[in-house]
Amino acid sequence: MTPLASAESPLVRPHVADVRQRLEALRGDGLLREDLFVDGALRPATGDARLEVTDPATGAVIARVASASGDDVLAAVEAAERARRHWAARTATDRSNVLWRWHELILEHRHDLGVLLTAEQGKPLAAAEGEVAYSAAFIRWYAEEARRAYGEIVPSNKAGRRILVTHQPVGVVGAITPWNFPSLMIARKVAPAIAAGCAVVLKPASETPLSALALAELAARAGLPPGVLNVVHGDPVEVGAVLTGDERVRLITFTGSTEIGRLLMAQSARSVKRLTLELGGNAPFIVFDDADLDAALAGAIESKYRNAGQTCVCANRILVQGGVHDELVERYAEQAAAMRVGHGLEAGVAIGPLIDEAAVRKVERHLADAAAKGARVLGGGHRHELGGTFFEPTVLVGADPSMELAGAETFGPVAPFFRFEDEEEAVELANSTESGLAAYFFTRDLGRAFRVSEGLEFGVVGVNTGAISYEGAPFGGMKQSGLGREGSRHGLEEFLETKYVCIEGIGQ
């Protein structure tokens with residue numbers, strides 16, 4: 001792979017050596033791995049193919065991981081199938097204790113895991129360490145929930161009969177995770193699956209496999225038995241075909257695009273697999289005239305520019321009522337212009353690079369389409385002087401529903417402002433999308449808070465906040481943004497089968 005132009009820039013060149021040095025230290029500590037992790041051990045792929053992992057800030061190759069063949073994925077499924085019965089037979093307390101130890105080890109290695117994450121994904125180190133800590137919080141939550149998969153005794157309809165409802169693990173789980181949160185998305189899927197007594201075959205994003213391998217290493221150190229967690233990175237089409245085609249895999253959990261989600265649904269239909277899907281978002285961020293503008297401004301900045309706008313719940317459309325529109329836009333543009341762009345290992349950096357060149361081209365396409373249809377760039381709008389995949393934080397005014405960015409995720413640091421006049425129009429604009437993952441609005445009117453939150457067709461709604469993440473809350477979408485929920489007790493339920501047992505002959 002040819003390094004990106006930014007690797008030659010004197011503004012970022014020093015970081016190439018810095019990253020290499022830090023990663024070599026992690027290799028020595030056993031946290032930087034490049035082979036597959038199957039049945040509790042590292043193993044090479046059956047073929048010679050390798051996937052290059054690059055630092056998106058510099059384009060430098062930082063690792064070459066094994067690329068799993070179909071046979072490698074089958075071996076991982078077989079290992080999970082062997083392990084799942086023994087793991088499910090362990091007491092809930094045993095499973096809880098392993099998860100607790102995993103959580104502790106992740107926090108002990110929070111900085112190292114953060115450096116690894118920044119190197120392969122690009123986000124600022126503080127954000128990377130925050131993601132690692134949030135990942136550990138999910139594992140802690142499900143360490144607790146492992147002991148709370150309660151059953152029921154249903155009042156009987158017949159003398160001498162008892163009706164029991166129990167919950168049993170689904171079995172082998174195929175987990176497919178994205179590159180934008182390479183640690184968090186693993187924890188959100190793997191922790192509840194393991195807590196429920198399932199075994200997992202994890203396919204991390206090809207761009208960010210290093211965090212997955214490090215987490216698997218720490219899980220093994222925590223005492224997770226061989227085969228309960230397997231990591232296979234490789235061609236997504238080949239790996240996905242095996243996971244969806246093998247009848248021993250009883251559930252697919254996936255975070256990614258709606259397009260790929262539809263494909264996985266179709267492929268899984270042959271064996272009637274259960275699915276949990278977190279798919280594309282197109283989050284509206286609504287500010288009413290009566291909002292606390294300071295709070296709305298802070299929330300909009302945080303929601304939009306987190307991870308350089310590469311999140312499925314970030315503000316994709318900022319809808320502002322006419323009475324406060326101009327003031328909010330002006331203040332927002334000032335703050336956006338002051339945000340520091342740079343390599344994630346630099347102190348004070350707020351926005352890192354986009355993941356790759358294709359991501360930059362998508363941002364540019366959305367901006368060109370919006371400009372052609374009458375929108376105006378108030379700040380930013382170009383590739384950053386650092387070069388490569390760095391892009392300026394951008395503010396766009398005069399956006400309308402005809403523009404491509406109104407109907408599709410930009411997945412970049414672009415904040416388009418839409419003007420509306422009344423509550424009904426705001427809700428209609430917000431709902432005019434096939435997606436229904438997250439939405440936000442700011443108001444000080446209690447009645448409006450209830451009306452709008454009930455009227456928005458989204459699975460997660462933030463009222464007077466742009467930060468809705470919490471491991472104890474159910475996260476998931478409506479419409480074409482997915483199926484099922486992650487987090488909270490509902491996240492554990494996704495990995496459990498409900499069994500009804502009817503017992504007669506008990507006597508009076």
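Everything below is about the structure shown above.
Note that the structure is predicted; figures quoted are calculated from it, not measured.

Participant: Hey, could you run me through helix α12 (residues 357-372) in this one?
Facilitator: In an α-helix, one turn spans 3.6 residues; hence positions three or four apart end up facing the same way. The end-to-end C-alpha distance of α12, which contains 16 residues, comes to 23 Å, matching closely the 22 Å that a straight helix rising 1.5 Å per residue would cover. Listed as buried for α12 are A359, V360, V363, H366, L367, D369 and A370. Considering only its buried residues, α12 is in contact with β15 (394-397), α13 (404-407) and β16 (414-420). Sitting at the amino-terminal end of α12 is D356, which places a side-chain oxygen 3.3 Å from the backbone nitrogen of A358.

Participant: Explanation requested: the layout of surface pockets in the structure shown.
Facilitator: In this approach the atoms are scanned with a rolling probe the size of a water molecule, which exposes any empty space left behind. Quantified by volume, the largest pocket comes out at close to 1,200 Å³. Taken together, 44 residues form the lining of the largest pocket, with W179, F254, G256, S257 and I260 sitting closest to its centre. Sorting the residues of the lining of the largest pocket by element identifies α8 (236-245), β10 (249-255), α9 (258-268) and α12 as the ones contributing at least two each. Considering only enclosed or pocket space, the second largest pocket measures out at about 470 Å³ in volume. What lines the second largest pocket is a set of 23 residues, and nearest its centre among them are E302, S303, Y305, R306 and N307. When contributions to the lining of the second largest pocket are tallied by element, the ones reaching two or more residues are α5 (125-145) and α10 (293-305). Per-class residue counts for the lining of the second largest pocket are 13 nonpolar, 6 polar and 4 charged.

Participant: Teacher, can you tell me more about the packing of helix α14 (residues 423-431) against helix α15 (residues 446-455) here?
Facilitator: Packed helix pairs are specified by the crossing angle of their axes together with the interaxial distance, meaning the distance between the axes. Orientation of α14 relative to α15, taken along the N-to-C sense of each, is 30°, at an axis distance of 10 Å. In terms of orientation, α14 lies roughly parallel with respect to α15. Taken as a pair, α14 and α15 cross one another with a handedness that is right-handed. Here α14 contributes E423, V427 and N431 to the contact with α15, which in turn contributes R448, R451, V452 and G455. Each residue belonging to the contact of α14 with α15 can be placed in one class, and the counts come to 2 nonpolar, 2 polar and 3 charged.

Participant: Before we go on, may I ask you to explain the pattern of salt bridges in this structure?
Facilitator: Inspection of every chain in the model, using the stated rule, returns 39 salt bridges. Residues D18 and R22 are paired through a salt bridge, measuring 3.3 Å at the closest nitrogen-oxygen approach. In this pair, D18 and R22 are both assigned in helix α1 (residues 13-28), 4 residues apart and thus about one turn of the helix distant. Under the relative-accessibility criterion, D18 is labelled partly exposed at 23%. One salt bridge connects K158 with E504, and the closest N-O pair in it is separated by 3.4 Å. Here E504 lies in the segment after β20 (496-503) and K158 lies in the loop between β5 (152-154) and β6 (162-169), a separation of 346 residues in the sequence.

Participant: So what exactly am I meant to see when it comes to empty space enclosed by the protein here?
Facilitator: The final tally for this structure, using the stated rule, is 3 cavities of 30 Å³ or more. Taken as a whole, the largest cavity spans an internal volume of roughly 100 Å³. What lines the largest cavity is Y134, F181, L184, M185, R188, R306, C312, V313, I468, S469 and F475. Residue contributions to the lining of the largest cavity peak at 3 residues, all from helix α6 (residues 184-196). Its residues placed into classes, the lining of the largest cavity shows 8 nonpolar, 1 polar and 2 charged.

Participant: When you look at the pairing of strand β11 (residues 274-278) in this model, what are you seeing that I'm missing?
Facilitator: Walk down a regular strand and you will see the side chains alternate between the two sheet faces. The element β11 is largely enclosed, with a buried count of 4 among its 5 residues. One ladder, built from 5 bridges, connects β10 with β11; its direction is parallel. Bridge pairing in β11 places T255 opposite E278. At this point the chain moves from β10, through α9, to the parallel β11, and the crossover so formed is right-handed. The sheet contact formed by β11 and strand β19 (residues 482-483) spans 2 bridges and is antiparallel. Its bridge partner being in β19, L277 is matched across the sheet by L483.

Participant: In this structure, what is going on with the environment of T118? I would like to understand it.
Facilitator: If you trace the backbone, T118 turns up in helix α4 (residues 110-121). On a C-alpha basis, the gap between T118 and V19 in space is 9.3 Å, while along the polypeptide they are 99 residues apart. Beyond its immediate chain neighbours, meaning those up to four positions away, T118 contacts K123, P124, L125, A128, G344 and L345.

Rules used throughout
Positions within a chain are numbered from 1, following the residues in the order the chain's sequence is written. With pLDDT at 70 or above as the cut-off, local features in this predicted model cover only qualifying residues; side-chain atom pairs require 80 or more to be listed or tallied, and sums for whole chains, interfaces and linings still use all residues. Computation of side-chain values: all heavy atoms of the structure, hydrogens and water removed. Going along the chain from the N terminus, every DSSP run of H or I of four or more residues is numbered as a helix, and every run of E of two or more is numbered as a strand. Expected helix span is computed as 1.5 Å times (number of residues minus one). Each residue's exposure class comes from its accessible area (1.4 Å probe, protein chains only) as a fraction of the maximum for that residue type: buried when under 20%, exposed when over 50%, partly exposed otherwise. Whether two residues are in contact is decided by their heavy atoms: any pair within 4.5 Å suffices. Polar contact criterion, stated in full: a pair of N or O atoms within 3.5 Å, where within protein one must be able to donate a hydrogen and the other to accept it, and residues adjacent in sequence count only if both atoms are side-chain atoms. Every definition here rests on a 1 Å grid over the protein atoms only: cavities are sets of points where a 1.4 Å probe fits but cannot get out, pockets are open sets enclosed by protein on both sides within 12 Å along at least five of seven lines, and lining residues have some atom within 4 Å of a point. Grid points are joined across faces, edges and corners, and a volume is the space filled by probe spheres set on the points. Residues are grouped as follows: nonpolar covers Ala, Val, Leu, Ile, Met, Phe, Trp, Tyr, Cys and Pro; charged covers Asp, Glu, Lys and Arg; every other residue, Gly included, is treated as polar. Angles run from 0 to 180 degrees between N-to-C directions of axes, and those axes are lines fitted to C-alpha atoms, restricted for helices to the stretch in contact. The cut-offs work like this: below 35 degrees is roughly parallel, past 145 is roughly antiparallel, 65 to 115 is roughly perpendicular, and the gaps in between are oblique. It is the rotation of the near helix from the far one that decides the hand of a crossing: anticlockwise by less than a right angle makes it left-handed, clockwise makes it right-handed. By salt bridge we mean one thing: a side-chain nitrogen of Lys or Arg within 4 Å of a carboxyl oxygen of Asp or Glu. In this scheme, strands are said to pair when DSSP sees at least two bridges between them. With strands facing away from the observer, any crossover in which the path from the first strand over the helix to the second runs clockwise is taken as right-handed.

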